[in-house]
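An overview of the molecular structure
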Amino acid sequence: MTRTDPPNAAPERELLQGFLDYHRQTLLLKVSGLSGEELVRRSVEPSSMSLLGLVRHLTEVEQYWFKTCLAGEAVPDLYWTAENPDGDFDLADAAEAEKDLQTYADAVQESDAIAMRYALDDTFRRPRREGEYSLRWLYIHLIEEYARHNGHADLLRERIDGSTGE
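Summary of the structure given here.

Quick notes on the rules
- Residues numbered from 1 in each chain as written.
- Predicted model: local features only at pLDDT ≥ 70, side-chain atom pairs only at ≥ 80, totals over all residues.
- Heavy atoms only, no water.
- Helix = DSSP H or I, 4+ residues; strand = E, 2+ residues; numbered from the N terminus.
- Rg over C-alpha atoms; globule rule 2.2 N^0.38 Å.
- Buried < 20%, exposed > 50% of the residue type's maximum accessible area, 1.4 Å probe, protein only.
- Areas by Shrake-Rupley, 256 points an atom, 1.4 Å probe, with all protein chains shown as cover.
- Contact = heavy atoms within 4.5 Å.
- 1 Å grid on protein atoms, 1.4 Å probe; cavity = no way out; pocket = protein on both sides within 12 Å on 5 of 7 lines; lining within 4 Å.
- Points joined across faces, edges and corners; volume = space filled by probe spheres on them.
- Nonpolar A, V, L, I, M, F, W, Y, C, P; charged D, E, K, R; others polar.
- Axes fitted to C-alpha atoms, helices over the stretch in contact; angles between N-to-C directions.
- Parallel < 35°, antiparallel > 145°, perpendicular 65-115°, else oblique.
- Left-handed = near helix turned anticlockwise from the far one by under 90°.
- Expected span 1.5 Å × (residues − 1).
- Arc of directions from axis to C-beta.
- Phe/Tyr/Trp six-rings, centres within 6.5 Å; stacked < 30°, edge-to-face > 60°.

1. Notes on the overall build of the chain
For the chain, the helix and strand inventory stands at six helices and two strands. The C-alpha radius of gyration of the chain comes to 16 Å, within 12% of the 15 Å expected for a compact globule of 166 residues. Expressed as lengths along the three principal axes of its C-alpha atoms, the size of the chain is roughly 45 × 40 × 25 Å. For the chain, buried positions account for 45% of its 166 residues. Carbon and sulfur atoms make up 51% of the accessible area of the chain, which amounts to about 8800 Å² in all.

Below, the structure is given as structure tokens:
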């Protein structure tokens, strides 16, 4: 797994996409080379957070923001349910790790395809929320979301095998 640095100087959209891609690739670096058992290890007790749980959570984040909010598509929740609102973390299964990683990759690809249909100033409304949001805001929000969770992933990975990253 390689990670491409975002551009230092580029048009706004290219910068935003570059930073989002960088953080997506950082997540994949944090989970690379681990077994399913290691990916579901909850190594910061009492939290149920695991590396695979983060991948599952960010899959749902991608789908919610790009498909549900921006594109207005009805998308069933993959891991979250009313009965188990933390199902992305609590129900992570080592035997499903490869499938969950592919689902994540597919969600990222779909998100990028959806985003390309809109201008940065285009707006959308979130279900059951007030106000309008722009695609520009969405990029910045996801960059922040990934950066925060990549910090979690760095700590989880270090507890599993001592690996640390930038």
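Right, picking up where we left off after that structure.
2. What about the side chain of arginine 157?
Among the structural elements, arginine 157 can be located in helix H6 (residues 135–161). In this structure, arginine 157 is in contact with Leu29, Lys30, Val31, Ser32, Leu34, Leu51, Gly162 and Ser163, ignoring residues within four places of it in sequence.

3. Here's the deal with the layout of surface pockets
It is the rolling of a water-molecule-sized probe over the atoms that shows where space remains empty. The computed volume of the largest pocket comes to approximately 510 Å³. Taken together, 19 residues form the lining of the largest pocket, with Glu60, Val61, Tyr64, Asp77 and Trp80 sitting closest to its centre. With seven residues, helix H3 (residues 51–70) is the largest single contributor of residues to the lining of the largest pocket. Residue classes in the lining of the largest pocket are distributed as eight nonpolar, four polar and seven charged.

4. What about the packing of H3 against helix H5 (residues 97–115)?
Taken N-terminus to C-terminus, the directions of H3 and H5 make an angle of 25 degrees; their axes are 9 Å apart at the nearest point. Taken as axis vectors, H3 and H5 run roughly parallel relative to one another. In terms of crossing hand, the pair formed by H3 and H5 is left-handed. On H5, the residues touching Leu52, Val55, Arg56, Leu58, Thr59, Glu62, Gln63, Phe66, Lys67 and Leu70 of H3 are Ala97, Asp100, Leu101, Thr103, Tyr104, Ala107, Val108, Glu110, Ser111, Ile114 and Ala115. Considered class by class, the residues forming the contact of H3 with H5 number twelve nonpolar, four polar and five charged.

5. What about H5?
Taking 1.5 Å of rise per residue, the 19 residues of H5 would be expected to cover 27 Å, and the 27 Å separating its terminal C-alpha atoms lies within 8% of that figure. Buried residues of H5: Ala97, Asp100, Thr103, Tyr104, Ala107, Val108, Ser111, Ile114 and Ala115, and no others. For H5, the arc enclosing every buried residue in end-on projection is 140 degrees, short of the 170-degree limit, so these residues lie on one face. Among the exposed residues of H5, those oriented more than 90 degrees off its buried face are Glu98, Lys99 and Gln109. Considering only its buried residues, H5 is in contact with helix H1 (12–31), helix H2 (36–39), H3 and H6.

6. Comments concerning H6
The periodicity of an α-helix, 3.6 residues per turn, causes residues three or four places apart in sequence to face the same way. For H6, built from 27 residues, the straight-helix expectation of 39 Å at 1.5 Å per residue is met to within 8% by its first-to-last C-alpha distance of 38 Å. Of the residues one or two after H6, glycine 162 is the one with positive phi, at around 85 degrees.

7. Comments concerning the packing of aromatic side chains
Using the criterion set out here, one finds six aromatic pairs in the structure. Where phenylalanine 124 meets tyrosine 133, the ring centres are 5.8 Å apart and the plane angle is 20 degrees; that geometry is what we call stacked. With respect to burial, phenylalanine 124 and tyrosine 133 carry one shared label: buried. What links up through ring pairs into an aromatic cluster is the set Tyr64, Trp65, Phe124, Tyr133 and Trp137.

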